[in-house]
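Each chain is listed here by its residues.
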Amino acid sequence: MGGDVDIDEMLTRLWERCRAVSGEEPRPTLEAVLEESARRGVLYGNAATLFEKWRLYMRYVGEAVPEALSLPADKATQFRQFVNGLIQLLDEAEQQVRGKLAKICKAVEKGRVEVIERSKTVSHICAGGVCIHAHSTSAPVFKLPLHDISAKLYFPSIGLSPEEVEVFQLGWRASDEATEGRRPEMGTTKPWQLLAWLAVRSGVVRIYLHYVHVNASDLSLETYAVASDWEQRWSKEGAQRLAIEAIQRGDYRPLLTWFLGDGVARWENLRLYLAGAILGGFRRDVAKRGSYATREISTAVAKALLEDAGIYGRLLEVLRSHKWEYLKTLASYKPPLNPTYVTVRGVEMRLHLSARTLYTERRLASEEEARRTAERLAPHASIYKDRNRYVVYIPWSGLKELIQKDPALGKAVVDYLGKVAENKPIAKKLLAQITPFLN
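This one's a predicted model, so the numbers in the text were calculated from it and none came from an experiment.

Another point: the overall build of the protein. In terms of helices and strands, the protein carries 15 helices and 17 strands. Computed over its C-alpha atoms, the radius of gyration of the protein comes to 24 Å, within 12% of the 22 Å expected for a compact globule of 439 residues. Across its three principal axes, the protein shows a C-alpha extent of roughly 65 × 60 × 45 Å. For the protein, with 439 residues in total, the buried portion stands at 52%. If you take every contact in the protein between residues at least 6 apart in sequence, the share linking residues at least 24 apart comes to 66%. By element, 47% of the accessible surface of the protein is carried by carbon and sulfur atoms, the whole surface being about 20,600 Å². The positive charge centre, built from 63 side chains, and the negative charge centre, built from 54, are 2 Å apart in the protein.

Now for the state of the cysteines. Within this structure, the stated rule accounts for 2 disulfides. A sulfur-sulfur separation of 2.1 Å characterises the disulfide bridge that pairs cysteine 18 with cysteine 105. A torsion of -80 degrees about the S-S bond marks the disulfide between cysteine 18 and cysteine 105 as left-handed. Pair noted here: cysteine 18 is in helix 1 (residues 7–21) and cysteine 105 is in helix 4 (residues 73–110), with a separation of 87 residues, a long-range link. Across the pair, exposure class does not vary: cysteine 18 and cysteine 105 are buried alike. For cysteine 126, the disulfide goes to cysteine 131, at an S-S distance of 2.0 Å. Torsion about the S-S bond of the cysteine 126 and cysteine 131 cystine: about 105 degrees, corresponding to right-handed handedness. Residue class for cysteine 131 comes out partly exposed when judged on its relative accessible area of 23%.

Scoring rules and cut-offs
- Residues numbered from 1 in each chain as written.
- Predicted model: local features only at pLDDT ≥ 70, side-chain atom pairs only at ≥ 80, totals over all residues.
- Heavy atoms only, no water.
- Helix = DSSP H or I, 4+ residues; strand = E, 2+ residues; numbered from the N terminus.
- Rg over C-alpha atoms; globule rule 2.2 N^0.38 Å.
- Buried < 20%, exposed > 50% of the residue type's maximum accessible area, 1.4 Å probe, protein only.
- Contact = heavy atoms within 4.5 Å.
- Areas by Shrake-Rupley, 256 points an atom, 1.4 Å probe, with all protein chains shown as cover.
- Lys, Arg positive; Asp, Glu negative; His and termini not counted.
- Charge placed at Lys NZ, Arg CZ, Asp CG, Glu CD.
- Disulfide = S-S within 2.5 Å.

Coordinates in, geometry out; function isn't part of it.
Below, the structure written as structure tokens:
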């Protein structure tokens, strides 16, 4: 790739991924699939399970969505017809992926591939008419293109008013929504996101199953949808301006779909992140992407996003959207009133309980001091920089190991988790993991 990338190294990485995605994996259950959607958004699997997960999810929404939204009989039938059409595409794509992936992976193993450079950062790794697209980034991205897996389907209205449709469309256009010709377009690897976007772009839609991503340890499916019955009304910047004006008037509905598009769900640090920034204040001028003020959003705003969603919120609930689940957690989060400190090998560190884990940290002014502190806590601690401070960090896995050797530390952690367990379900799970060490 333009001499900047070691082709042999790239092929080695691809072969490692081929082996990883071809391994054995338990057959998925619907419960596990819904949990994966609610926590990660994307469904991941190997060559044998990826499409089965998608089918389980789509069969679930085919029944759950009409019931949850009390759709009229004709709309419920149309929705199920859409789901069945998408499942048919999944069946076609699975057969294509199985054949292509086996062929290209075998050729990589045997060293019988041709590498065709397309640019300094993109090459095609080919064998027998099958190619994988390799994108050179900090971690290489491999995409297996699918061909002729598309269909024209119909997605019914879920009962949103024209005014609701417009404000929710603004947030999607301000974030992830693109344009093909004059038609709105959405590309995503998240099944819930595809359906949530279609709910505000209902009507005739062209669905494409475009790529399968060959990730480090699994596969994911990338879909594209073009809303044939709509013409794009806004530029990206224009939609952002209108969305911000609505938010400044106290209408948070565009912010909801903006977050569903660009937002980041960081379970370990409950805040509302959008386009890489914590949004709370906004500047009216957004000619340059990212030129909005940044400050932490309160839980009150998260609550407003939930309350203002109406029937759209009921859809997100039944779709098991991980970003909707994140907002619910953010809105109900009650941090401890006072910080809690523990002593670890003579170092005073602060305990932090997130939605998923417990960890300790010590913030220091200099890198040298941070390194000395980390050495005292080795091998359990790591260092990262946060603005102008250096943070010495011990994750839950390290804490558990330390607790087994330090009863005083164990007692302090147990006392802390016991105090917050009523409001934080994760605290009970963590307690169950360490109480055997202390008996």
